[in-house]
Amino acid sequence: MSLLTIVTGDSPNALLAHMEARLAAAPLPPFEDERIVVQSLGMEKWVRQQLALRQGCAASLDLPFPAAFCRHLSEQLHRGAADGAWAPGIDARFEEQALIWRVFALLQQEALLAHEVFAPLRHYLHGADDAKRYGLAQRIAGRFDEYRLYRPELLIDWEADAEPRTANAHEGWQAALWRALLQGERPMHFARWFLQTIERLEQLASAPAGVPSRVSVFGVSTLPPLFVRLLRAVSRFVPVHVYVLAPDADSWRDGASRHPLFESFGQASRDLLATLTIPDAHGVRPPVMHVPSAVVPRDTLLHRLQHDLRAARAGAPFALANTDRSLTVHVCYSPLREMEVLRDQLLDAFAADATLRPHDVLVMVPDVELYAPLAESIFGDARAVRPRGEPDSEGSARVAIPFRVADRTLVREAAPARALLQCLALVNARCTASEVLGLLGAPVVRRAAGLTPSQLDQVAGWVQDAAIRWGYDGAARATAFALPAIDDNSWRQGLDRLLAGYATGRTAGQVAGMLPVAGDLVGDTELLGRFADWTDHLFTTLGTMRLERPLAQWSAVLLDVAGWLVKPDGADELAAYDRLLRDLARLGELADVRGAGAAPDTPVAFDVVHHWLDTTLGTDEHGNNFLAGGVTICAMKPMRAIPHRLIAMLGLDDTAYPRRTRRAAFDLIGSTPTLGDRDARIDDRQLVLDTIMSAGERLLLSYVGRSQKNNADIAPSIVIAELLDFLDGQCTPPADTVTRAHR
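Because the structure is predicted, anything quoted here is derived from the model rather than measured.

## Remarks on the overall build of the chain
- In terms of regular secondary structure, the chain is built from 30 helices and 17 strands.
- For the chain, whose C-alpha radius of gyration is 30 Å, the value lies close to the compact-globule estimate of 27 Å for 743 residues.
- Taken over 743 residues, the chain has a buried fraction of 53%.
- The long-range fraction of contacts in the chain, counting pairs at least 24 apart against all pairs at least 6 apart in sequence, stands at 76%.
- Within the structure as shown, the chain displays about 32,000 Å² of accessible surface, and the carbon and sulfur contribution to it stands at 53%.

This is the structure we're talking about:
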């Protein structure tokens, strides 16, 4: 008998209320954690906050992502098995990051690539350097990582050297490469663990030790079919509830009549519910229950649209009032203008409703790195908010709106990581005066060098007086850029002139073949020495970076560089510095699992390590600043629609949203799609539908619809076009009144 239950609801609040009541009705023992599987950091934080607000506290909660839930279940099953019947755990050698380096090692083997099956790879990599090989390794490892969730049987068949399962011409070399990674073993990688665990759970008569007392899956719009199978297997022994956002109880079913917008935007949730309700081996489908929201008014366009979605039909024409601003579309000339319009709209909303606070506002954008600097300039200083109408230091009554930017990459948000990458960028650069002084000017670097802000200005003056332009010396210029070995205007010559000027004082003649800088250096001995030492150390470091070395040594070298280069100050910088050190140490750990045809001391080029570090520090998985007070500005990510009184979606341009992803020619999932496969465009359309249902009082949509060059029209996102087309037939006067153009 299955204990799986699917709960649909027309809003996250309704789903959360049902889950809260169910969990509170049967509390777990004090030392047992509640398992609630989520699929985004934003949803995880929102669930914690809401349960804390409703219950007074939120303790003993474990909210893992699906992959983390599987790893934890693997560990618990093994730990609870006295007879060792369960596998000891998932093999770390087949995690994506480890696979990248293992595949890269194989792609470096000319003897392996000489086999006929690898002819496509051999042709692609002809004359390639290590950077190109590493880039291909990343793409291949990414596909293998996706196969383990969406095509696990494919990997198992490859291990048995089975016949090709697809018509894709690239399956042969992928199968051979996978077997080369295995090296004749049958390891417990993720795909094998999944299939064996599901099979064993389906055969057991009683619950094994290690299975949690109950499992909830909350706020998802898509799940890998394999994870659904695991939930079904677990539900043979413990209750499993899956909470899915759906506007009504029945329109997700095949053949049912549904609202036009749910038909257009809701394919992801329909596919998920179809997968969840597939009959089991006995032909029994899991029960599905719907949790409606409390009755909401229908006095505004947004509320009327939500009501019609819940009713699964387009309602009668709606008389749109001139004062109705519940759903508006703003056409702007640039992202900067979008931010300015948003600021005006927010200030107007705050003035009209004294109960509306900045933390009631959610702003979603397609590119956080593009819009975050604009928010900083338009919204004002988020850390020092002035009362409304209080003049600032320049006498302006401009009001700052408190905000937090989530989903920024670590390198953008953390000064230590940014400084390290800025330093590494100099390895193959010209090392101009502005580049080096720009690095030294970073506060974390300046502190490590022992300089004050005023001393930095003095150093910049010395560099100008010494006519330092670029390059360490003539030899470095000749080696890196095949130029004549001329020392003029180099860092070495400039430093020698400064040091000579200190030793000789003001003089009009040459000393030892150089003209000393005759500036006033009296009293600045220590500063000049620190600057010269720092510069020499920097160029020595850059020189050592150009050498190839084993992966483990790269980890040690980068840790040494980070320790010398930056000096964090404050809790935020210290936390970011610790995160940076962990990432650098992780490189050494990956060296231990590189294996697969590469000796531990196989050298790796700097460009490859730089690429890895740039990718690692370029992730946004640290989850800072989401729902941390003030207006939340975040990325448009699937399963990110979280209830707020006012929600804004910016950047809804035709070229930016929905995302346009192009699968590689060798991607077997793209060549043989099946129910449950991820599709970025479908996920993005689902997010729009979920956002409409999650907006409490106002929904602002914005896009760049006019060219700054010639005022030509720019097409909006297809989701905007379809929404406006639908509203045109539902509103009197037509819905073009909800569109506002801004110059």
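## Digging into the environment of D145
- By the secondary structure assignment, D145 is in helix α7 (residues 130-150).
- Linking D145 and A585, residues 440 residues apart in sequence, is a C-alpha distance of 23 Å.

## Points about the packing of helix α18 (residues 415-424) against helix α27 (residues 606-617)
- Relative orientation of the contacting elements α18 and α27 amounts to 155 degrees, with a least axis distance of 11 Å. The angle between the axes of α18 and α27 places the two elements in the roughly antiparallel class. Considering how the two elements wind past one another, α18 and α27 form a crossing that is left-handed. Across the interface between the two elements, A417, L420, L421 and L424 from α18 touch F606, H610, L613, D614 and L617 from α27.
- When the residues that make up the contact of α18 with α27 are grouped by side-chain class, the tally is 7 nonpolar, 1 polar and 1 charged.

## A word on the pattern of salt bridges
- Scanning the entire structure with this criterion turns up 43 salt bridges.
- Here R133 and E110 are joined by a salt bridge, their closest N and O atoms 3.0 Å apart. Placement of the pair is R133 in helix α7 and E110 in helix α5 (residues 110-113), with a sequence separation of 23 residues.
- Classification of R133 by relative accessible area gives buried; the value is 9%.
- Among the residues examined, E110 registers a relative accessible area of 49% and is labelled partly exposed.
- Linked through salt bridges whose partners overlap, the residues forming this network are R71, E95, D145 and R148.

## Remarks on the environment of L727
- When you line up the elements, L727 lands in helix α30 (residues 718-728).
- Looking at L727, the relative accessible area reads 1%, which means it is buried.

## Observations concerning the packing of α18 against helix α26 (residues 571-592)
- Contact geometry of α18 with α26 gives a least axis separation of 7 Å together with a crossing angle of 50 degrees. The angle between α18 and α26 falls in the class oblique. From α18, A415, P416, A417 and L420 reach across to α26, where they touch E573, A576, Y577, L580 and L584.
- In terms of residue class, the contact of α18 with α26 is made up of 8 nonpolar, no polar and 1 charged.

## Brief notes about the state of the cysteines
- All chains considered together, the criterion is met by 0 disulfides.
- Of all cysteine sulfurs in the structure, the one in C431 sits closest to C423, which takes part in no disulfide; the separation is 9.1 Å.

## A look at the confidence of the model for the chain
- Here the chain averages 87 in pLDDT, while 93% of its residues score no lower than 70.
- Below a pLDDT of 50 lies the segment residues 382-395, which in the model reaches 20 contacts outside its immediate sequence neighbourhood of four places, other chains included.

## Details of the sheet that holds strand β1 (residues 4-9)
- Strand order in the open sheet made by the 6 strands is β3-β2-β4-β5-β1-β6, with parallel pairing throughout. Edge positions in the sheet fall to β3 (61-62) and β6 (288-291), since each has one partner strand and no second.
- Inspection of the sheet shows β1 paired to strand β5 (residues 240-245) by 6 bridges, in the parallel sense. Opposite L4, over in β5, you have V240 as the bridge partner.

## Details of the packing of aromatic side chains
- Overall, the coordinates contain 22 aromatic pairs when judged by the stated rule.
- Ring geometry for W491 and F539: centres 6.1 Å apart, planes at 45 degrees, overall tilted. One end of the pair, W491, is in helix α23 (residues 491-504); the other, F539, is in helix α24 (residues 525-545), and 48 residues separate them in sequence.
- On the accessibility criterion, W491 (0% relative accessible area) is buried.
- Put simply, the rings of F94, F144, Y147, W158 and W178 touch in pairs and so form one group of aromatic residues.
- Positioned above the aromatic ring of W470 is the side chain of R477, whose terminal nitrogen or guanidinium carbon lies 4.5 Å from the ring centre.
- A cation over an aromatic ring shows up here: R549 above the ring of W554, its NZ or CZ 4.7 Å from the ring centre.

## Points about unusual backbone geometry
- Cis geometry is adopted by the peptide bond preceding P658, which originates at Y657 and carries an omega value of -5 degrees.
- Mapped onto the elements, P658 comes out in the loop between β14 (644-649) and α28 (668-671).
- Although it is not a glycine, A467 adopts a positive phi angle of roughly 55 degrees.
- For A467, the position within the fold is in the loop between α21 (453-465) and α22 (474-481).
- In this structure, N711 takes a positive phi of about 65 degrees despite not being glycine.
- Overall, N711 belongs to the partly exposed group, its relative accessible area being 34%.

## Some thoughts on the nonpolar core
- Within the largest apolar cluster, 102 residues are counted, with the highest numbers of intra-cluster contacts made by W101, I140, L440 and V445.
- L23, L273, V291 and C634 belong to the second largest nonpolar core, which has 99 residues in total.

## Quick notes on helix α8 (residues 152-159)
- Taken residue by residue, α8 has P152, L154, L155, W158 and E159 as its buried positions. Take α8 and look down its axis: the buried residues cluster within an arc of 160 degrees, on one side only.
- Of the residues one or two after α8, D161 is the one with positive phi, at around 60 degrees.

## Section: the pairing of strand β13 (residues 631-635)
- For β13, the tally of buried residues reaches 5 of 5 residues, placing the bulk of the element in the interior.
- Two elements, strand β9 (residues 361-365) and β13, share 4 bridges in a ladder whose sense is parallel. Paired with M364 across the bridge in β13 is C634.
- The pairing of strand β10 (residues 403-405) with β13 spans 3 bridges and is classified as parallel. When the sheet's bridge partners are listed, V405 is paired in β13 with I633.

## Some words on the sheet that holds β13
- Reading across the sheet, the 7 strands line up as β10-β13-β9-β14-β15-β8-β17 and stay open at both edges, with parallel pairing between neighbours. Only two strands of the sheet have a single partner each, and these edge strands are β10 and β17 (739-741). Taken pair by pair, the neighbouring strands of this sheet meet at an average axis angle of 20 degrees, ignoring direction.
- Sheet strands touched by helix α14 (residues 301-311): β8 (327-332) and β15 (695-704). Its angle to β15, the strand with the most contacts, is close to 105 degrees.
- Along the sheet face, α30 touches β8, β15 and β17 and points at about 130 degrees away from the line of β8.

## Considering the side chain of Q306
- Checked against the element boundaries, Q306 lands in helix α14.
- Taking the relative accessible area as the measure of exposure, Q306 reaches 3% and is therefore buried.
- What Q306 contacts, discounting residues up to four positions off in sequence, is I692, M693 and A695.

## Notes on the pairing of strand β2 (residues 34-37)
- What you see with β2 is no split at all: E34 and I36 on one side and R35 and V37 on the other are buried throughout.
- Both β2 and β3 contribute to a ladder of 2 bridges, which runs parallel. Across the sheet, R35 pairs through a bridge with D62, a residue of β3.
- The sheet contact formed by β2 and strand β4 (residues 215-220) spans 3 bridges and is parallel. From the neighbouring strand, I36 faces β4, where its bridge partner is S216.

Rules and cut-offs
Every residue gets a number counted from 1 within its own chain, in the order that chain's sequence is written. Given that the model is predicted, a residue must reach a pLDDT of at least 70 before its local features are reported, and side-chain atom pairs must reach 80 or more before they are shown or counted; all residues, however, enter totals for whole chains, interfaces and linings. For side-chain calculations, the full set of non-hydrogen atoms in the structure is used, while hydrogens and water are omitted. For helices the rule is a DSSP run of H or I covering at least 4 residues; for strands it is a run of E covering at least 2, with both sets numbered from the N terminus onward. Here the radius of gyration uses the C-alpha set of atoms, whereas the globule reference equals 2.2 Å times the residue count to the power 0.38. Relative accessibility under 20% of the residue-type maximum defines a buried residue, over 50% an exposed one, and the middle range a partly exposed one, all with a 1.4 Å probe and only protein chains included. Whether two residues are in contact is decided by their heavy atoms: any pair within 4.5 Å suffices. Only the protein chains shown count as cover for residues, and the accessible areas themselves come from Shrake-Rupley with a 1.4 Å probe. The angle between two axes is taken between their N-to-C directions and runs from 0 to 180 degrees, where each axis is a line fitted to C-alpha atoms and a helix contributes only its stretch in contact. Each angle receives one of four descriptions, namely roughly parallel if under 35 degrees, roughly antiparallel if over 145, roughly perpendicular if within 65 to 115, and oblique otherwise. For any helix crossing, the convention is left-handed if the near helix is rotated counterclockwise from the far helix by under a right angle, and right-handed if that rotation is clockwise. Charged means Asp, Glu, Lys or Arg here, nonpolar means Ala, Val, Leu, Ile, Met, Phe, Trp, Tyr, Cys or Pro, and polar covers whatever is left, Gly included. Every case where a carboxyl oxygen of Asp or Glu lies within 4 Å of a side-chain nitrogen of Lys or Arg is listed as a salt bridge. Cysteine sulfur atoms that come within 2.5 Å of each other are treated as a disulfide pair. pLDDT measures the predictor's confidence residue by residue and takes values from 0 up to 100. Two strands are counted as paired when DSSP detects at least two bridges linking them. Within 6.5 Å between ring centres, the rings of Phe, Tyr and Trp (the latter by its six-membered ring) count as paired, and their orientation is classed by plane angle as stacked under 30 degrees, edge-to-face over 60, tilted in between. Both a distance and an angle decide whether a charge sits over a ring: NZ of Lys or CZ of Arg must be within 6 Å of the ring centre and within 35 degrees of the ring normal. Side-chain atoms within 4.5 Å are what join buried Ala, Val, Leu, Ile, Met, Phe, Trp, Tyr and Cys residues into a set we call a nonpolar core. To obtain the arc, one takes the directions from the helix axis to the C-beta atoms.

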